[in-house]
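Each chain, letter by letter, is given below.
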Amino acid sequence: MTDFPAATQRARVRVPLRFNDGYSVNAELVTFHGLTDGQEHVAVVLGEPAPGTLPLVRLHSECLTGDVFGSARCDCGPQLREAVERIAERGGVLLYLRQEGRGIGLYNKLDAYALQDQGLDTYEANAALGLPEDARDYTAAAQMLAALGIINLDLLSNNPDKAEQLRGLGVTVRDRVPTGVFSTAHNVRYLRAKVLHTQHTLPLAELTELNAG
């Protein structure tokens, strides 16, 4: 277990959420004091776990292009939409983390897109810019969970690194629950790269067929 300073809840506010497909749900947004990276991360509390069950938690990294503008180059927007509904049904928390572009920032992410247009995959493009393939650190996420009183959870994610980092930070991740597969003609190479480089739990054979097509 890694020691880290405690964060505290700063404020809680109720916000009704509504998505473009008409789905709506009431949420409580929580802000924090004392996060180690100094970023304005937000916890989105949805529903209430039934007695004797663990909360469902997703660590969702901010993606302006996908979450806000509906970019088809990634699967972030559909994952966010799916996660909100699944967590609301079961009860749990979505941590919205300000880690654009797997932690490299918006401008660098767009520079990486330009290199992807020249044939590099998402990880190769980061490396070509002299940046980490994935610069995300989940210490702040562990702080947020502790401040919310969550030390045992099921994690909604296809990314094994998220579970491994949380466990290393003292969070008990019982199960890693996969998200849906949201492939498009524009993001299939991106999804395949996530499987090949970072062992995301996605159907590689299906994505290879789509890529070939």
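In this text, all values refer to a predicted model and were calculated from it rather than measured experimentally. (Residues numbered from 1 in each chain as written. Predicted model: local features only at pLDDT ≥ 70, side-chain atom pairs only at ≥ 80, totals over all residues. Heavy atoms only, no water.)

### A few points about the state of the cysteines
And step 1. Evaluation of the coordinates by the stated rule reveals zero disulfides.
And step 2. The thiol of Cys 74 is not disulfide-bonded; the next cysteine sulfur, from Cys 76, is found 3.5 Å away. (Disulfide = S-S within 2.5 Å.)

### Re the side chain of Gln 99
And step 1. Its location among the elements puts Gln 99 in the loop between β5 (92-97) and α3 (100-103).
And step 2. A polar atom in the side chain of Gln 99 sits 3.0 Å from the side chain of Ser 61.
And step 3. Here Gln 99 is in contact with Ser 61, Glu 62, Arg 136, Asp 137 and Tyr 138, once residues within four sequence places are set aside. (Helix = DSSP H or I, 4+ residues; strand = E, 2+ residues; numbered from the N terminus. Polar contact = N/O pair within 3.5 Å; in protein donor to acceptor, adjacent residues only side chain to side chain. Contact = heavy atoms within 4.5 Å.)

### A word on the confidence of the model for the protein chain
Should pLDDT be low for a region, the predicted coordinates there are not to be read in detail.
And step 1. Overall, the prediction assigns the protein chain a mean pLDDT of 88, with 84% of residues at 70 or greater.
And step 2. Confidence drops under pLDDT 50 across residues 209-213; counting only partners more than four residues distant or on other chains, this segment forms five contacts. (pLDDT = per-residue confidence, 0-100.)

### Some details on the sheet that holds strand β3 (residues 42-46)
And step 1. Spatially, β1-β2-β3-β5-β4-β6-β7 is the arrangement adopted by the seven strands of the open sheet, whose pairing is mixed. What marks the edges here is a single partner per strand, and that holds for β1 (8-18) and β7 (172-177). In this sheet, neighbouring strand axes are inclined to one another by 30° on average, regardless of whether the strands run parallel or antiparallel.
And step 2. Sheet topology note: the β1/strand β2 (residues 24-33) ladder contains ten bridges and is antiparallel. (Pairing = 2+ DSSP bridges. Axes fitted to C-alpha atoms, helices over the stretch in contact; angles between N-to-C directions.)

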